[in-house]
Amino acid sequence: MAHPKRRTSSAVRDKRRTHYKLTPKAVTLCPNTGELHLRHKAYVVDGDLYHNGQLAIKNYAKTNAAPAVDTAEDDE
């Protein structure tokens, strides 16, 4: 099994880690709705689903909502 012959110094370790960084998400402003959204993703505004600046599904929030199921059992 491989193991280091010498201890890695903090400078060498930190120089190696300089490329391990996060990049910000690609966020854009919709010209039609004025909403911020992730690029190349559909987004919901006022219950309607938009994609690529165009209305994809009207009343999406109402149609996508799952029916309410009562999971409480009657304790008798």
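Structure: see above.
Just so it is clear, the structure is predicted and the values come from calculations on it, not from any experiment.

Colleague: Which parts of the structure should I look at to understand the pattern of salt bridges?
Modeller: Where charged atoms from two side chains of opposite charge approach closely, those side chains can pair. In the structure shown here, the tally under the stated rule is one salt bridge. Residue Arg13 pairs with Asp14 through a salt bridge whose shortest N-O separation is 3.1 Å. In this structure Arg13 comes out as partly exposed when scored by relative accessible area, which is 32%.

Colleague: Honestly, the sheet that holds strand β5 (residues 54-57) in this entry has me stumped. Any pointers?
Modeller: The strands making up a sheet associate through backbone hydrogen bonding, with each pair oriented either parallel or antiparallel. Taken in spatial order, the three strands of this open sheet run β3-β4-β5, and their pairing is antiparallel. Bordering the open sheet on either side are β3 (43-45) and β5, each of which pairs with just one other strand. When strand polarity is set aside, the average angle formed by the axes of neighbouring strands in this sheet is 50°. Sheet topology places β3 next to strand β4 (residues 48-51); three bridges connect them, and they run antiparallel. Counterpart to Val45 in the pairing with β4 is Asp48.

Conventions we followed
- Residues numbered from 1 in each chain as written.
- Predicted model: local features only at pLDDT ≥ 70, side-chain atom pairs only at ≥ 80, totals over all residues.
- Heavy atoms only, no water.
- Salt bridge = Lys/Arg side-chain N within 4 Å of Asp/Glu carboxyl O.
- Buried < 20%, exposed > 50% of the residue type's maximum accessible area, 1.4 Å probe, protein only.
- Pairing = 2+ DSSP bridges.
- Helix = DSSP H or I, 4+ residues; strand = E, 2+ residues; numbered from the N terminus.
- Axes fitted to C-alpha atoms, helices over the stretch in contact; angles between N-to-C directions.

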